[in-house]
Structure formats: structure tokens, C-alpha cells
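Residue-level listing of the chains:
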Amino acid sequence: MDKIRIRGGRPLQGEIEISGAKNASLPLMAAGLLTDERLVLTRVPVLADTQTMALLLEQHGIAVERPANDGHTLSLGGPITNTEAPYDIVSRMRASILVLGPLLARTREARVSLPGGCEIGARPVDLHLKGLEQMGATILLEGGYVNAKAPNGLQGATIVFPLPSVGATENLLMAATLANGRTVLANAAREPEIINLCDCLVAMGAQITGIGTDRLTIDGVASLHGATCAVIADRIETGTYACAAGITGGTLHLRGGRLDHLGALVSTLAEVGVEITATDTGITVQRRNGLHGVDAMTSPYPGFPTDMQAQYMVLMSVAEGASMITETIFENRFMHVPELNRMGARINVHGASAIVRGTPWLSGAPVMATDLRASVSLILAGLVARGETIVNDVHHLDRGFETVERKLAACGADIERMT
Ligand code: UD1
């Protein structure tokens, strides 16, 4: 298993190209199931998760081609020949559940393995299933699989989510594009990745209004056609490198990074002492004097993203004063805390909150990553730690961050992958 070795203490200077967003690419790829015509996606990051989604689509019968040399363009097309999403693929990546809505809408039946819990929490899919039932599907849970059928096609419905779920919004949105009649998704999630999906579906012929709001109205159409869509820049990668600049005291230009997608992160980081400004081609991040402890609470977009919580905690670990970080989205998302404490951080967890007391420095250590965002937080800690940090078992990192060690090394970090 690969490891990453970092010798900390170097401020980062330079430019990093932000990749296409993993969390936008996965639903966009699933949208390829909604038409037999070609869906061409550009700026798809080369990651374990996008490769897993490609594998899943291929076993549904979709041809996945990579016409450009860089592997970032995917051309999807072909009829669906198999409506089962098997356990061995879904267990690798929870977002596989996103094929359920499109398969059901297209072929009127689907058999998808239940994803189960994961490192950060139970993560049920009840909202996906209840929504499809409201649209007329019959759902039977059997042998660890969701068996869904809609012999007369899905029917439009008004679905009010009890809480905004990114995945459930995406699944039902895709299903609704081909349903009979009008579907309203109220209290829907409105993350930039959902806007990206809506824009792509509209380019494919879908009728959607309310894009960017928490109330989406979809008028079903008989069929969708091919289109070309670009994946938006990854706002979590952008935020992660913004924290890296703040932690190391450097200045980074994040090419392609979008200020308008960072939500509450911008004002929180400004209060901490990390300034983010828009440029013609991206954003610039710069630390102003010292770092100050500032409380943060995760919430749906445009609130503080749960996917930035671990990275922000590293920033707080080396800030002056104390801060409280509260996690409201996932119940078990502090798995990085014991590892950060082994590196000299002073963090106490009380239920859903962590109290972080800043220290002037961390010290390098061998550490183990437990999930995707936790692993990149350990890399950030390594960048500011004295001595050598070895982040073991980086397969989680490879699920969601493209060439992180090369991007950081190009800006002056002493970092290398050991295979
Ligand atoms: C997506 C992101 C993930 C991010 C999360 C929250 C992708 C591929 N993943 O995950 O990186 O951390 O949004 O921003 O885009 N819930 C239910 N029932 C459901 C569905 C969700 O109770 O049927 C709960 C979850 O347990 C969680 C909350 O709703 O507490 C939000 O989860 P959700 O927005 O669905 O996250 P994902 O789509 O799984």
C-alpha cells in the first residue's frame, strides 16, 4: 500500500491547478444512463472513485471511452443491458447508489446493492428510497439489495425532504427528468455540484426550474439526448489548498478555484487570518500575520462544508487561542482527532463538538488515514509539523485528490509518495 512522506516547515508558494470536482463527476457520470446517445464529460478527475463509477456504468452496458490523451474527458453511450449494481462495486463506493434513480427511470427496474454504513457514519439511503416510492416505485429490500420496480414508469410527485440530502436530491432529480408529469423537490440540497448536474440535464433536454434554489421543479420528458458538459472545479480541493497556504504561511494561486463556490468558508478563513481574493483565472490565498482560533459548525451549502472539517481542524491546531468545531452532518467524523493528537495537537471531542487548543507547532509522526478527508488533513498536518510525517495507507486519499503530492511539491513542499 502506498505511503506519503512529508518533511514539514516549508511555506507554500506558487500555483496549483484545481481539478474537476469528484462529487460533481459521479452524478454526471450516472446521468449517462439517462440516454442512449453520447454524453461527453470534460474535466473529470482521474481518481479511484471516478474509475469505480466507470466500471459500474460499463457493467450496466454503457461504453466508457476516453477520447483525449489526458484521460479527463469521458464519452459515455450505449444501451443499458444490465440493471444490477453488484455488491462488490457498491461496497467500494457509496455514491454507486446514484445509478438507482436513472436505471429505474430508463428501464423501469433496478437492483442495486445497499451501500451500508461507512467510516464517517451510518449514512442511510432512506430518503432516496422513500422519494422513489412517492414517485410510484415498488421497493423491496432483500438479500442486501434494493429491488425497485416501476412497471408503468415513474410518476411526478411533490417530495419534501426532512433534511437536505445531496445524494437523494441528485438521485430523484435524475429520475424525475424522465417521469410522467411534474416533480417538485422541496428542501432540496443546493450544493454547486447539484447546479452542475441540473445544467447538464438541461443540456440533455430536461425541463428543470429553480436551479440553485432549495425547490426544484422538474417536468418529465419522454427522452433525453446527448450533450457535452464540463465538470466544475472541486471546491473541497480548493478549500484544502487554501488551508495549506494558511497553515504554512505561504501564498498560493489556485487556478480555476471559484470564490462563489466556497460559501461560509471564505468569511471563516478571513476571520482566522487567511485572505482569499478572486483573480481573473482563479483565487489567491494568503496568510495575513498570525492565525486566530475561530469556531465553525458544519451545515449544508452554503454553510461550512463537512468535507472541510478535518482540514480546518489542522488549521485551528496551529492557530492562536481555542476554537470549537461542531459536526452536524455525520455522527462519526472525528476519526482524524487521535492521529492529529499523536502529532502534538490538543483536541478534545465532546459529542458532536471538538475543542481545539492551538499550539505553535506539531511534530511529525507515522499516522494512519481512516477516510478521504481525514487523510488529506494528515497531509496538511505533515506540512506544518517539525520532522518527518509518514501518512500510511493512502488509498482513501486516492479516491478523491488528484496527484496531491505532485501539486504540493511543485509549490515547495518536501513531499513524496513511496510505493
Ligand atoms: C455527499 C458528498 C459527501 C459530503 C456529503 C455532505 C458525494 C458523492 N458525496 O454525500 O462528500 O460529505 O454530501 O455534504 O457527493 N441522510 C439520511 N438519509 C438519506 C440520505 C442522507 O438520513 O437517505 C443523511 C446523512 O446520513 C447525512 C445527511 O443526510 O447525515 C447528509 O447526507 P447527504 O447530503 O445525503 O450526503 P451524501 O450525498 O451521501
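Sequence order as written defines the numbering, with residues in each chain counted from 1. Only residues with pLDDT of at least 70 get local features here, since the model is predicted, and only at 80 or more are side-chain atom pairs given and counted; chain-wide, interface and lining totals rely on the full set of residues. Excluded from the side-chain calculations are hydrogens and water; all other atoms, namely the structure's heavy atoms, are used.

It is not clear to me how the pattern of salt bridges should be interpreted in this structure. Could you clarify?
Side-chain pairing between opposite charges can occur once the charged atoms of the two side chains come close. Criterion for a salt bridge: a side-chain nitrogen of Lys or Arg within 4 Å of a carboxyl oxygen of Asp or Glu. In total, this model carries 22 salt bridges according to the counting rule given. Residue aspartate 414 is joined to arginine 5 by a salt bridge in which the shortest nitrogen-to-oxygen separation is 3.8 Å. Of this pair, aspartate 414 sits in strand β26 (residues 414-418) while arginine 5 sits in strand β1 (residues 3-7), and the two are 409 residues apart along the sequence. Between glutamate 405 and arginine 417 there is a salt bridge, and its shortest N-O distance comes to 2.9 Å. With glutamate 405 in helix α14 (residues 404-409) and arginine 417 in strand β26, this pair connects stretches of sequence that are 12 residues apart. Only protein chains enter the accessibility calculation, which uses a 1.4 Å probe; a residue is then buried when its area is under 20% of its type maximum, exposed when over 50%, and partly exposed in between. Glutamate 405 sits in the buried class, given a relative accessible area of 11%. Arginine 417 sits in the partly exposed class, given a relative accessible area of 25%. Salt bridges linked by common partners bring Arg5, Arg7, Glu388, Asp414 and Glu416 together as one network. Runs of H or I in DSSP of at least four residues are treated as helices and runs of E of at least two as strands, each being numbered from the N terminus.

Please explain the site of the ligand as it appears in this structure.
Not every one of the 17 residues close to the ligand is listed here, only the nearest: Asp126, Leu127, Ser165, Asp307 and Ile329. Separating an oxygen atom of the ligand from a side-chain N or O atom of asparagine 23 is a distance of 3.1 Å. Aspartate 307 places a polar side-chain atom, nitrogen or oxygen, 2.6 Å from an oxygen atom of the ligand. Note on areas: these come from Shrake-Rupley sampling with a 1.4 Å probe, and a residue is covered only by the protein chains present in the view. Relative to its free-state accessible area of 740 Å², the ligand is covered by the protein chains to the extent of 83%. Breaking the shell around the ligand down by element, the ones donating at least two residues are α5 (126-134) and α6 (166-177). Looking at the shell around the ligand element by element, the count peaks at three residues for α5. When at least one non-hydrogen atom of a residue lies within 4 Å of a molecule or strand, that residue is treated as near it. The definition of a polar contact used here is a pair of N or O atoms within 3.5 Å, where within protein one atom must be able to donate a hydrogen and the other to accept one, and adjacent residues in sequence count solely through side-chain atom pairs.

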